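The residues making up each chain are set out below.
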2 protein chains.
Amino acid sequence: MKNKKYLRFWAALVLVLVWSAAGFAAGQDPLPSWRDGAVKKSVIGFVEKVTRQGGPEYMPPLKRIAVFDNDGTLWAEKPLYFPLFFALDRLNETAPNHPEWKNNPTVQAALSGDSSRLAKLGEKGILELIGLTRAGMTSREMREKVRAWPETTRHPQKRLRFVDMVYQPMLELLAFLRANGFKTYIVSGGGVDFIRAFSKKVYGIPCEQVIGSSLKNKWRNKDGAAEVVKLPQLNIINDKQIKTLNIDLVIGQRPLMAVGNSDGDLAMLQWTAAGAGPRYMMLLHHDDAQREFAYDRKSHVGRLDLALDQARQRGWTLVSMQRDFARIFEADKD
Amino acid sequence: MKNKKYLRFWAALVLVLVWSAAGFAAGQDPLPSWRDGAVKKSVIGFVEKVTRQGGPEYMPPLKRIAVFDNDGTLWAEKPLYFPLFFALDRLNETAPNHPEWKNNPTVQAALSGDSSRLAKLGEKGILELIGLTRAGMTSREMREKVRAWPETTRHPQKRLRFVDMVYQPMLELLAFLRANGFKTYIVSGGGVDFIRAFSKKVYGIPCEQVIGSSLKNKWRNKDGAAEVVKLPQLNIINDKQIKTLNIDLVIGQRPLMAVGNSDGDLAMLQWTAAGAGPRYMMLLHHDDAQREFAYDRKSHVGRLDLALDQARQRGWTLVSMQRDFARIFEADKD
């Protein structure tokens, strides 16, 4: 018992030192990869006002839910959704064992290598492909297949590893929100097991805070070894309005903050905006052809058209990646 | 800036005092409403072993997921599931406006007052009734209808308020687990919005850690006021094997610990048991006719039959409420 008390004393002392150090560091910029300006000011201002105890717009931690799209919002999505690159790798690996895929138009489009046919596969096509290669696996087995992939595979144009194609400013924003009592969620059209394989390591987001598209699953209890395994059928495509239905079902409340980059995120932004009290809606505009990619209204992947007009009309925060990001990837110079 | 530093200093001081107080209190029994014996020893032992850093069975906080059934596990469920009492109150309130319900067999069974017909409604029937009275509402509106109910309505036999029909030993177990870095979830056949209305206040569990049965919902965007509203159709009955499919989808990993009281929880317990490494399966046996209710193999509500045999065969922790609970409800004397 005595030992335990001493342990607590030392733990408390360490805590005080860390806390004080944090205090002295409090003057530091929480978002160093964001350029000073209206956007950076507005997001810091929002966090300050909802966390100021006794303030008129104070929101308790339980309500501090922030939802982020993944593809095009937390990491890049050009020339094709990254999950598609993964699905293609898996498909090529598995195809020799499946002569019957010769008659499957989705598989044939995927294997064609024709980029416009590939772009049209969309999230539904990617999930179908994954279903074909993953039937009978558990979530854990699926994730183990994904785990090393973002660290070992490189982007075809940028030549960065996929894991290095995450946006440094967004990593800082996630950490800043969490340091202020927000619970950060990913709400993505990408496959939920794909994202969960690296969400904690890359984004600091645990698997139970990832909402994504999914395959149907089923219960199997063979020789007393109960398992939940994947079926090759789609369960849900977590895009557009479905994102809001899933947030309502899984999180159970309207977010305080929503961040996206395309028309697929519009419903989520609208639903967030329609909540009472302070809300924050942020839309990323990919307008930096030099450091990343420039695309919006007519893009096959990540089309930003209706949402761009709404953001302007309704005064949501529109992030110009060119203007507002001091660096995009960690590898970039400031 | 200076003010902020002082604030941190005082906050740190308070923290030290609280921490030290906790240290001196560390000798206290974390589960005072559990009688000393094999069951209490086993659950404390499990928590100690998975939290002992460097120990052979240490599990990091991310893996410390504990799932609890609600009806019959965290609060009573006799003579009928409590959500049914709520549904009946709503139904009686709304029925005069719905002459068309005269032809609805579920409504007629509910309004009959015949307890055997009521018991047979089950979770599906309850959800159907709720659907009828809740179509077009948002989750928030539904929860506001529920909120006061457990505090203002009394159990027909015990005469305790429903909110006082929660099991004091289970509240202590939830708190003990959370104090040891566990994330506690409710995984119930009850309606998710019903439980979310009071889960934080009563159990200390935030709404995003409640998985339950649900109605279908849909997106509505009238005059720019985006809402997610309920439809009168069932989405999912979160019972038996479906519990495991939903845990896999929402939480994304197999729990470390599962607690239930009926055959509806058997799949969840089997799935937990089949995981690698340390796992803890607990089954409540309602064997205390004097202080609560005694029922198992042939009960209409909360039948415990197959799971009782499995618990005995496989060495899961079987809690005798008569033997292991020093008190059942807070109102009980020790």
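Higher on the page you've got the structure.
Below is a summary of the structure that appears in this document. All residue numbers here refer to positions counted from 1 along the written sequence of the relevant chain. Ligands are numbered from 1 and chains lettered from A, in the order in which they are written. Thresholds applied to this predicted model are a pLDDT of at least 70 for local features of residues and 80 or more for the giving and counting of side-chain atom pairs; totals over whole chains, interfaces and linings are not thresholded and use all residues. To obtain the side-chain values, all non-hydrogen atoms of the structure were included, while hydrogens and water were left out.

**Points about the pattern of salt bridges**
Salt bridges are identified by distance alone: a Lys or Arg side-chain nitrogen within 4 Å of an Asp or Glu carboxyl oxygen. Counting across every chain of the model gives 38 salt bridges over all chains. Put simply, Glu208 of chain B and Lys183 of chain A hold a salt bridge, and the shortest N to O gap is 2.9 Å. Taken together, the residues Glu208 of chain B in the loop between α10 (199-203) and β3 (210-222) and Lys183 of chain A in strand β2 (residues 183-191) connect one chain to another. Residue burial is assigned from relative accessible area. The probe radius is 1.4 Å, only protein chains are included, and a residue is buried under 20% of its type maximum, exposed over 50%, and partly exposed in between. Judged by its relative accessible area of 6%, Glu208 of chain B falls in the buried class. The residue Lys230 of chain A makes a salt bridge to Asp248 of chain B at a minimum N-O spacing of 3.6 Å. Within this pair, whereas Lys230 of chain A is found in strand β4 (residues 225-236), its partner Asp248 of chain B is found in helix α11 (residues 241-250), the two belonging to separate chains. No difference in accessibility class separates Lys230 of chain A from Asp248 of chain B, as the two residues are buried. Each of the salt bridges in this network shares a partner with another, and the network as a whole consists of Arg143, Asp193 and Lys230 of chain A together with Asp248 of chain B. Here a strand is any run of E in DSSP of at least two residues, a helix any run of H or I of at least four, and the numbering for each starts at the N terminus.

**Examining the sheet that holds β4 of chain A**
Residues and elements named next belong to chain A. By this definition, two strands are paired if DSSP reports at least two bridges between them. The seven strands lie next to each other as β4-β3-β2-β1-β5-β6-β7, forming an open sheet whose pairing is mixed. The open sheet is flanked by β4 and β7 (317-320), the only strands paired with a single partner. Between one strand axis and the next, the sheet turns by 30° as a mean value, whatever way the strands run. Contacts are assigned to residue pairs that have any heavy atoms within 4.5 Å of one another. Helix axes use the C-alpha atoms of the stretch in contact, all axes being lines fitted to C-alpha atoms, and the angles between their N-to-C directions lie in the range 0 to 180 degrees. On the sheet, helix α5 (residues 115-134) packs against β2, β3 (210-222) and β4 and is oriented at approximately 145° with respect to β4. On top of the sheet, helix α12 (residues 266-273) reaches β1 (65-68), β2, β5 (257-260) and β6 (280-285); it is set at about 155° to β6, its chief contact.

**A closer look at the sheet that holds strand β1 (residues 65-68) of chain B**
The strands that make up a sheet are held in pairs by hydrogen bonds between backbone atoms, and each pair lies either parallel or antiparallel. All names here are of chain B. As summarised here, the arrangement of the seven strands in space is β4-β3-β2-β1-β5-β6-β7, forming an open sheet in which the pairing is mixed. The open sheet has two free edges, formed respectively by β4 (225-236) and β7 (317-320), since each of these has just one partner strand. Strand-to-strand twist of the sheet, defined as the mean angle between neighbouring strand axes without regard to direction, takes the value 30°. Of the pairings in the sheet, the one linking strand β6 (residues 280-285) to β7 comprises four bridges and is parallel in character. When the sheet's bridge partners are listed, Leu284 is paired in β7 with Val319.

**Section: the packing of helix α11 (residues 241-250) of chain A against α12 of chain A**
A pair of packed helices can be characterised by two numbers: the angle between their axes and the separation between those axes. Residue and element names in this part refer to chain A. Relative orientation of the contacting elements α11 and α12 amounts to 50°, with a least axis distance of 6 Å. With respect to their mutual orientation, α11 and α12 come out oblique. The handedness of the crossing between α11 and α12 comes out as right-handed. Residues Gln241, Lys243, Thr244, Ile247 and Asp248 of α11 touch α12, and the partners they reach there are Ala267, Met268 and Trp271. What sets the label is the angle itself: under 35 degrees gives roughly parallel, over 145 gives roughly antiparallel, 65 to 115 gives roughly perpendicular, and the rest give oblique. The handedness criterion is simple: a crossing whose near helix is rotated anticlockwise from the far helix by less than a right angle is left-handed, and one whose near helix is rotated clockwise is right-handed.

**Comments concerning empty space enclosed by the protein**
Grid points spaced at 1 Å and placed over the protein atoms alone form the basis of the search, with a cavity being a set where a 1.4 Å probe fits but cannot get out and a pocket an open set showing protein on both sides within 12 Å along at least five of seven lines. Lining residues have an atom within 4 Å of a point. Grid points are joined across faces, edges and corners, and a volume is the space filled by probe spheres set on the points. Summed over the entire model, instances satisfying the criterion amount to five cavities of 30 Å³ or more. Residue assignment for the lining of the largest cavity shows that the elements contributing at least two residues are α3 (82-94), α5, α6 (139-147), β2, α9 (192-196) and β3 of chain A. If one sorts the elements of the lining of the largest cavity by residue count, α5 of chain A sits on top with five residues. Ten residues, namely Ala, Val, Leu, Ile, Met, Phe, Trp, Tyr, Cys and Pro, are considered nonpolar, four, namely Asp, Glu, Lys and Arg, are considered charged, and the remaining ones, Gly among them, are considered polar. Of the residues that constitute the lining of the largest cavity, the class distribution is ten nonpolar, five polar and five charged. Looking at the second largest cavity, its volume works out to about 170 Å³. If you go around the second largest cavity, you meet 16 residues; those closest to its centre are Leu127, Ile130, Met142, Gly191 and Phe194 of chain B. Every element with two or more residues in the lining of the second largest cavity is listed here: α3 (82-94), α5 (115-134), α6 (139-147), α9 (192-196) and β3 of chain B. Here the element with the most residues in the lining of the second largest cavity is α5 of chain B; it accounts for four residues.

**Points about the side chain of Asp193 of chain A**
All names here are of chain A. As for its placement among the helices and strands, Asp193 is situated in helix α9. Judged by relative accessible area, which is 6%, Asp193 ranks as buried. Leave out the neighbours within four places in its chain, and Asp193 touches Ser139, Met142, Arg143 and Lys230.

**Things to note about helix α4 (residues 105-112) of chain A**
All names here are of chain A. Buried within α4 we find Thr106, Val107, Ala109 and Ala110. Projected down its long axis, α4 carries its buried residues within an arc of 160°, all on one side. Against α3 and α5 lie the buried residues of α4. Throughout this description, a polar contact denotes any pair of N or O atoms lying within 3.5 Å of each other; where both atoms belong to protein, one of them has to be capable of donating a hydrogen while the other can accept it, and for residues adjacent in sequence the pair is counted only when both atoms sit in side chains. Where α4 starts, the residue carrying a side-chain oxygen 2.9 Å from the main-chain nitrogen of Thr106 turns out to be Asn104. To be clear, the arc concerns the directions from the helix axis to the C-beta atoms.

**Focus on helix α13 (residues 306-314) of chain B**
Residue and element names in this part refer to chain B. Of all the residues in α13, the buried ones are Ala307, Leu308, Gln310 and Ala311. Buried residues of α13, viewed axially, fall in a sector of 165°; they line one side. Of the exposed residues in α13, the ones pointing more than 90 degrees away from its buried face are Leu306, Arg312 and Gln313. Each element contacted by the buried residues of α13 is listed here: α12 (266-273), β6 and β7. Just beyond α13, the residue with positive phi is Gly315, at close to 75°.

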